[in-house]
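Spelled out from the first residue to the last, the chains are:
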Amino acid sequence: MKITYSTNAWGPVLAHWAAPNCVNAAYYRCGGKLEQALADIAEAGFESVEIFDGELLEFEGRSELLEKMLEKYGLALKGVYIACNFIYDEILPEELDRVRRAAQFAKKLGATEIALGGGAIRFDGIRESDYVKLGEALDRVCDLADTLGMRASFHPHMGSLVESPVQLDKVMPHTRIKLCPDLAHVKKGGGDPREVVKQYLDRIDYIHLKDIMDDGMFCPLGVGILDIDAIVETLKKAPHRIEIAIECDGWTGDPAEGARITSHYLKKQGF
């Protein structure tokens, strides 16, 4: 199935132990079950994966180990997910260097997509100028992506500067970056996922499909309350190809079973 599946459901989402005192270590990791994730994703019928920047950077200097692991399960690396602050001038060069390292490594392994989540929230609240700063930093990553022959997309995320559609509309005019909406995060942020997809369809090349339950817990596609069918139909009407990635992090069920449930749903949709 030519759809990407994220490895982030296998174990809790963690930060590097040095993250509080080292910006260059401030990246996401998952619970140390990468190979199990790859095995389960392949078994469910998916052909490519998206991986956190931290999981990639743990293989710096020994990329052959990750290459062999991907080859073992017949999987390609499609994208890397990177979380950023991007509003603090002093640490921006540090953050951009971390993005560069992860993107170059991902490109070496064949990835085409960079998904950027975030935009920090200050202790004393959001400043309107933060949307401008975020947009300018996102454009810096677009420049990097262009030099690497990759695509960069912005992923609004709960707990960040851009949670709601109103906040999304504030940052997008300040950047040329593509949009990677996450359906469940859009819903939790108070938006209508289908309407956001329709509004920004011409700027979506890569999207995270994720379902959500009444209690706010993420879940496999077709299990939750989102009208995934209608959203998929909207995507199919786009005049350009949109790459799809699946996430099921935060679900309390077995991640392998979640991948199988989603795979079955997607096959029913004709993927």
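Residues numbered from 1 in each chain as written. Predicted model: local features only at pLDDT ≥ 70, side-chain atom pairs only at ≥ 80, totals over all residues. Heavy atoms only, no water.

Undergrad: If you had to explain the pattern of salt bridges to someone new, which residues and values would you point to?
TA: Under the defined criterion, the tally for this structure stands at 23 salt bridges. With its nearest N and O atoms 3.3 Å apart, the salt bridge here joins Arg176 to Asp146. Placement of Arg176 in the loop between helix H6 (165-171) and strand E8 (178-179) and of Asp146 in helix H5 (residues 128-148) is noted, with a sequence separation of 30 residues between them. Given a relative accessible area of 43%, Arg176 falls into the partly exposed group. Taking relative accessible area as the criterion, Asp146 reaches 51% and is therefore assigned exposed. One salt-bridge network, held together by shared partners, links Glu113, Arg151, Lys178 and Asp205. (Salt bridge = Lys/Arg side-chain N within 4 Å of Asp/Glu carboxyl O. Helix = DSSP H or I, 4+ residues; strand = E, 2+ residues; numbered from the N terminus. Buried < 20%, exposed > 50% of the residue type's maximum accessible area, 1.4 Å probe, protein only.)

Undergrad: Can you tell me about the packing of helix H1 (residues 34-43) against helix H3 (residues 63-72), naming the residues and giving the values?
TA: Following both chains from N to C, one finds H1 and H3 inclined at 25°, their axes separated by 9 Å at the closest point. Accordingly, the angle class assigned to the pair H1 and H3 is roughly parallel. With respect to the hand of their crossing, H1 and H3 are arranged in right-handed fashion. Contacts between H1 and H3 involve Leu34, Glu35 and Leu38 from the former and Leu66, Met69, Leu70 and Lys72 from the latter. Taken together, the residues that form the contact of H1 with H3 break down as five nonpolar, no polar and two charged. (Axes fitted to C-alpha atoms, helices over the stretch in contact; angles between N-to-C directions. Parallel < 35°, antiparallel > 145°, perpendicular 65-115°, else oblique. Left-handed = near helix turned anticlockwise from the far one by under 90°. Contact = heavy atoms within 4.5 Å. Nonpolar A, V, L, I, M, F, W, Y, C, P; charged D, E, K, R; others polar.)

Undergrad: Give a detailed account of the sheet that holds strand E6 (residues 113-118), specifying residues and quantitative values.
TA: Here eight strands make up an open sheet; going across it, the order is E8-E7-E6-E5-E4-E1-E12-E9 and the pairing parallel. With one partner strand each, in any of the chains shown, E8 and strand E9 (206-209) form the two edges of the open sheet. With six bridges connecting them, strand E5 (residues 76-84) and E6 associate as parallel partners. Note on E6: the bridge partner recorded for Tyr81 is Ala115. Sheet strands touched by helix H4 (residues 92-108): E5 and E6. Its angle to E5, the strand with the most contacts, is close to 175°. Sitting on the sheet, H5 touches E6 and strand E7 (151-155), and the angle it makes with E7 is about 155°. (Pairing = 2+ DSSP bridges.)

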